[in-house]
Amino acid sequence: MDKVRFGVLGCGFIGKVHMSNITSAGPDAELVAVYDPFEKLAIEAKEKFNAKYIFDDPDKLFKCKEVDAVVIASPNKTHADLAVKAFKAGKHVIVEKPLALSGADARKIVQAAEKAGTVSMVPHQMRWTPAASQVKKLVGDGELGKVYYAKAQWLRQCGIPGWGSWFTRFTESGGGPLIDIGVHMLDLTMYLAGSGAKPVSVFGSTFAEFGPRRQGLGTWGTPDWNGFYDVEDLATALIKLDNGSTISLEVSWAANLNDVDATPA
């Protein structure tokens, strides 16, 4: 095809990031359609990024013959249902992380993608940072020898997003920093190691010491003070791989430490 014509589901911050990238990609890409259950957000996105259509139902967007690929940038709990429907409609699909809220739902997405035979991707963009590219080369060239232990860590001092909103509700988000930024760290670590090893055992612990007390809040997302917080704000794990190597994971939205990443979640 001469260009890829996109539809974006979810017109919040992340959705707008995708729209900006699509519209700045030149003649190779075109933003055709947008969808969001909040009409105001959809209208704002259409006007800002010059989309051709607004749809009031995801199914209508999936049926649009002018859309080749869709970006699913909606809340976590919607990913599996929307992705499966998009694949059944024959679309190429980009699903924002986390892929799904459970292993079972993730497998449904993978099976739908394989059956559709279209392109699918979770945009773990950290793989393409200059630092990651350099480390990948060092590992590939054997400069680091055998990689048998890796420490994956991302600590934010004050980065709890949208307190009380879907970000901090387990049934809607699937978890706190583990599923939000932890998936980036795990993906990057296993990508850089490059051995194709698979996890065989995991020991982990989670804690919620700051979030329930409305401490450690970031600037990302819109708070809902009538909502609640029932996810972790710190997660740790030791992951044993089938090649004998081990990954230590430590991620937090609200680490009571100095000199850590204090950017919004």
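Each remark here, short or long, concerns the structure printed above.
Residues numbered from 1 in each chain as written. Predicted model: local features only at pLDDT ≥ 70, side-chain atom pairs only at ≥ 80, totals over all residues. Heavy atoms only, no water.

Enquirer: How should I be thinking about the sheet that holds strand β9 (residues 234–241) in this particular structure?
Expert: With mixed pairing, four strands are arranged side by side in an open sheet as β7-β10-β9-β8. On the outer flanks of this sheet lie β7 (149–155) and β8 (199–207), each paired with one strand and no other. Shown here is a sheet whose adjacent strand axes are inclined to one another by a mean of 10°, direction ignored. Sheet topology note: the β7/strand β10 (residues 246–252) ladder contains seven bridges and is parallel. Bridge pairing in β10 places K151 opposite S248. The strands touched by helix α9 (residues 182–193) within the sheet are β7, β8, β9 and β10, with β10 carrying the most contacts at an inclination of about 155°. (Pairing = 2+ DSSP bridges. Helix = DSSP H or I, 4+ residues; strand = E, 2+ residues; numbered from the N terminus. Axes fitted to C-alpha atoms, helices over the stretch in contact; angles between N-to-C directions. Contact = heavy atoms within 4.5 Å.)

Enquirer: How should the environment of T171 be read in this particular structure?
Expert: With respect to the helices, strands and loops of the structure, T171 is situated in helix α7 (residues 170–173). Judged by its relative accessible area of 61%, T171 falls in the exposed class. When the C-alpha positions of T171 and V231 are compared, they lie 9.4 Å apart, and in sequence the two are 60 residues distant. (Buried < 20%, exposed > 50% of the residue type's maximum accessible area, 1.4 Å probe, protein only.)

Enquirer: Mind showing me how you'd approach the packing of aromatic side chains here?
Expert: Geometry of an aromatic ring pair is reported as the spacing of the ring centres plus the angle between the planes. Scanning the entire structure with this criterion turns up four aromatic pairs. An angle of 75° between the planes, with centres 4.5 Å apart, marks the rings of F13 and W220 as edge-to-face. One end of the pair, F13, is in helix α1 (residues 13–23); the other, W220, is in the loop between β8 and β9, and 207 residues separate them in sequence. Ring geometry for Y53 versus F55: centroids 5.8 Å apart, planes at 45°, classification tilted. Judged by relative accessible area, Y53 falls into the partly exposed class, the value being 26%. A cation over an aromatic ring shows up here: K136 above the ring of Y191, its NZ or CZ 4.4 Å from the ring centre. Over the aromatic face of W163 sits the side chain of R214, whose NZ or CZ is 4.3 Å from the ring centroid. (Phe/Tyr/Trp six-rings, centres within 6.5 Å; stacked < 30°, edge-to-face > 60°. Lys NZ or Arg CZ within 6 Å of the ring centre and 35° of its normal.)

Enquirer: Can you help me understand the pairing of β9 in this one?
Expert: Remark: a regular strand shows side chains that alternate across the two faces of the sheet. Here β9 shows one buried face, formed by A235, A237, I239 and L241, and one open face, formed by L234, T236, L238 and K240. As paired elements, β8 and β9 share eight bridges and run antiparallel to each other. If you follow P199 over to β9, its bridge partner there is L241. Once β9 ends, the chain turns through four residues before running back antiparallel as β10, passing G244 with a positive phi of about 95°.

Enquirer: Just checking my understanding: could you explain the pattern of salt bridges for this structure?
Expert: A pair can form between side chains of opposite charge whenever their charged atoms are brought close. Under the defined criterion, the tally for this structure stands at 13 salt bridges. We note a salt bridge from E66 to K52, for which the minimum N-O separation is 2.9 Å. A residue pair is termed long-range when its members are at least 10 positions apart, and E66 in the loop between α3 (58–63) and β4 (69–72) and K52 in the loop between α2 (39–49) and β3 (53–55) qualify at 14 residues. What makes K52 partly exposed here is its relative accessible area of 47%. Here K60 ties to D56 by a salt bridge, and the two come within 3.0 Å at their closest N and O atoms. The exposure class assigned to D56 is exposed, which follows from its relative accessible area of 60%. (Salt bridge = Lys/Arg side-chain N within 4 Å of Asp/Glu carboxyl O.)

Enquirer: In this structure, what is going on with unusual backbone geometry? I would like to understand it.
Expert: Across the chain, the bulk of peptide bonds are trans and the bulk of non-glycine residues have phi less than zero. The amide bond that connects K97 to the next residue, P98, takes the cis arrangement and shows omega of -5°. With respect to the helices and strands, P98 occurs in the loop between β5 (92–95) and α5 (103–116). Although it is not a glycine, N50 sits at a positive phi angle of roughly 60°. Looking at where N50 falls in the secondary structure, it is placed in the loop between α2 and β3. One non-glycine residue, R214, adopts positive backbone phi at about 60°. Given a relative accessible area of 40%, R214 falls into the partly exposed group.

These values are about where atoms sit, not about what they do.
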